[in-house]
Amino acid sequence: MTGAQLECLIVGGGPAGLMAAIYLARFRRRVCVVDAGASRAALIPRSHNVPGFVHGLSGTELIERMSAQLRDLAVTRVKAEINALQRHEHGFEASWNGRTHAAATIILACGIVDTHPPFDDWRAAVADGLLRYCPVCDAFEATGRRIGVIGPLARAAGKALFLRGYSRDVTLLATGPDDDRSATSRLAEAGVEVVFAPDLRLRRRGEGVEAVFADGHTAQFEMVYPAMGAQVRSQLAMALGADHTGEGYLEVDDHQRTSITGLYGIGDVVTDLHQISVAFGHAAIAACTIHNSLPPRFA
């Protein structure tokens, strides 16, 4: 074990992790952020749901602004991936870069990794607003547009119905059938066209997205929303035996505490409502709870 024990180790450098670090640093706690540099938020071309930014801001800009706050607070940040997390008598031991570090508490703000559709140029399409993952975030900007939703019917139906509230032209490109006839009925009643296309692939065409079907025919969309699920980065907690859902989301109480004492979960790793404002709220709650759980720090 190397160095003095941290009071909190934060795993993940997206909006949730950085907000928790800002709170804890201002509580004058010894905190470190370890981040592999793959924040989902960094892919956001422009968010209009962050209060105070009338014209929105990009995910990269938000992270840069929050990182500047942490630099002013002299918070230690490490670009690395944690290989192992273990319990010990005074809290936890985390390993990265071949060394072991001790922490009294851990906040997991690891987020998720989206499952991407068959689209060779998906990253550039996300940057240009052609491929969108969060209708709660940006459906308002898609009002009246020609929208495609791609994914297994059972998973994609809810997203397609939500988007139908913003456009009359919504097509669900179903990569798999569904035995739930009620979902098919709801889609039909709402005027959502359903096209079964298990071997579908996407490509850019002009200023939009072209869906290419197995038989060679195509369909054009101004934007496509994938609904193909995600991998929840909860492996470190699950290896310790933390309670979780079938999809891998960590189960936490109203103070963001997992079933493992001293281990907290915030942001996308605990909820499928993937919102920056939700991440901020989780971070504030967890940081305040941790501060109050630790021995007092006197000036």
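The following refers to the structure shown. Only a predicted model underlies this, so the values are computations on that prediction, with no experimental measurement involved.

Bringing the packing of aromatic side chains into the picture now. The final tally for this structure, using the stated rule, is two aromatic pairs. Ring centres 5.6 Å apart and planes at 45° place the aromatic pair Phe162 and Tyr166 in the tilted group.

A word on helix α8 (residues 276-293). Taking 1.5 Å as the rise per residue, α8 with 18 residues should run 26 Å; its terminal C-alpha atoms sit 26 Å apart, in good agreement. All buried positions along α8 are accounted for by Ile276, Ala279, His282, Ala283, Ala284, Ala286, Ala287, Thr289 and Ile290. Tucked inside the fold, the buried residues of α8 contact β2 (8-11), α1 (15-26), α2 (59-72), β8 (106-108) and β18 (263-265).

Glancing now at unusual backbone geometry. Phi at Ala74 takes a positive value of approximately 60°, unusual for a residue other than glycine. Topologically, Ala74 is positioned in the loop between α2 and β4 (76-79). Judged by relative accessible area, Ala74 falls into the exposed class, the value being 67%. In this structure, Asn97 takes a positive phi of about 55° despite not being glycine.

Let's shift gears to the pattern of salt bridges. Taken as a whole and judged by the stated rule, the model has 12 salt bridges. Across the pair Arg29 and Glu7 runs a salt bridge whose closest N-O atoms are separated by 2.7 Å. A residue pair is termed long-range when its members are at least 10 positions apart, and Arg29 in the loop between α1 and β3 (31-35) and Glu7 in the loop between β1 (2-6) and β2 qualify at 22 residues. With respect to burial, Arg29 and Glu7 carry one shared label: buried. In this structure, the salt-bridge partner of Asp268 is Arg40, at a minimum N-O distance of 3.8 Å.

Right, let's get into the environment of Pro152. Note on placement: Pro152 falls in the loop between β10 (147-151) and α5 (153-164). You can call Pro152 partly exposed: its relative accessible area is 33%. Along the backbone, Pro152 and Gly216 are 64 residues apart, and their C-alpha atoms lie at a distance of 21 Å. Residue contacts for Pro152: discarding those within four places in its chain leaves Thr175, Gly176, Ala227 and Met228.

This paragraph deals with the packing of α5 against helix α6 (residues 181-190). A pair of packed helices is characterised by two quantities: the angle between their axes and the separation of those axes. Where α5 meets α6, the axes come as close as 10 Å, and the angle between the chain directions of the two elements is 25°. By the angle between their directions, the pair α5 and α6 is classed as roughly parallel. Crossing hand, α5 versus α6: left-handed. Along the contact surface, α5 presents Leu153, Ala157, Ala160, Leu161 and Arg164, while α6 presents Ala183, Thr184, Arg186, Leu187 and Ala190. A breakdown of the residues in the contact of α5 with α6 according to their chemical character gives seven nonpolar, one polar and two charged.

Let us now look at the sheet that holds β2. Pairing is parallel in the open sheet, where five strands are placed in the order β4-β3-β2-β8-β18. The open sheet has two edge strands, β4 and β18, and neither has a second partner. For this sheet, the mean inter-axis angle between neighbouring strands, taken without regard to orientation, is 20°. Pairing analysis gives three bridges linking β2 to β8, with the strands arranged parallel. Each residue of the ladder has a partner; that of Val11, found in β8, is Leu108. Relative to β18, α8 is tilted by about 165°, and along the sheet it contacts β2, β8 and β18.

With respect to the helices, strands and loops of the structure, Asp268 is situated in the loop between β18 and α8. Given the relative accessible area of 16%, Asp268 is considered buried. Polar contacts involving the side chain of Asp268 include one to the side chain of His274, which spans 3.2 Å. The contacts of Asp268, once residues within four sequence positions are left out, are Arg40, Gly111, Ile112, Tyr249, Leu273, His274 and Gln275.

Pairing in this open sheet of three strands is antiparallel, and the strands run β13-β14-β15 from one edge to the other. The open sheet terminates on both sides in strands that have one partner only, identified here as β13 (201-205) and β15 (218-221). Each neighbouring strand pair of the sheet contributes to a mean axis angle of 30°, computed without reference to strand direction. As defined by bridge partners, β13 adjoins strand β14 (residues 208-212) across five bridges and the pair is classed as antiparallel. Counted as the bridge partner of Arg205 is Gly208 from β14.

What counts as what
- Residues numbered from 1 in each chain as written.
- Predicted model: local features only at pLDDT ≥ 70, side-chain atom pairs only at ≥ 80, totals over all residues.
- Heavy atoms only, no water.
- Phe/Tyr/Trp six-rings, centres within 6.5 Å; stacked < 30°, edge-to-face > 60°.
- Helix = DSSP H or I, 4+ residues; strand = E, 2+ residues; numbered from the N terminus.
- Expected span 1.5 Å × (residues − 1).
- Buried < 20%, exposed > 50% of the residue type's maximum accessible area, 1.4 Å probe, protein only.
- Contact = heavy atoms within 4.5 Å.
- Salt bridge = Lys/Arg side-chain N within 4 Å of Asp/Glu carboxyl O.
- Axes fitted to C-alpha atoms, helices over the stretch in contact; angles between N-to-C directions.
- Parallel < 35°, antiparallel > 145°, perpendicular 65-115°, else oblique.
- Left-handed = near helix turned anticlockwise from the far one by under 90°.
- Nonpolar A, V, L, I, M, F, W, Y, C, P; charged D, E, K, R; others polar.
- Pairing = 2+ DSSP bridges.
- Polar contact = N/O pair within 3.5 Å; in protein donor to acceptor, adjacent residues only side chain to side chain.

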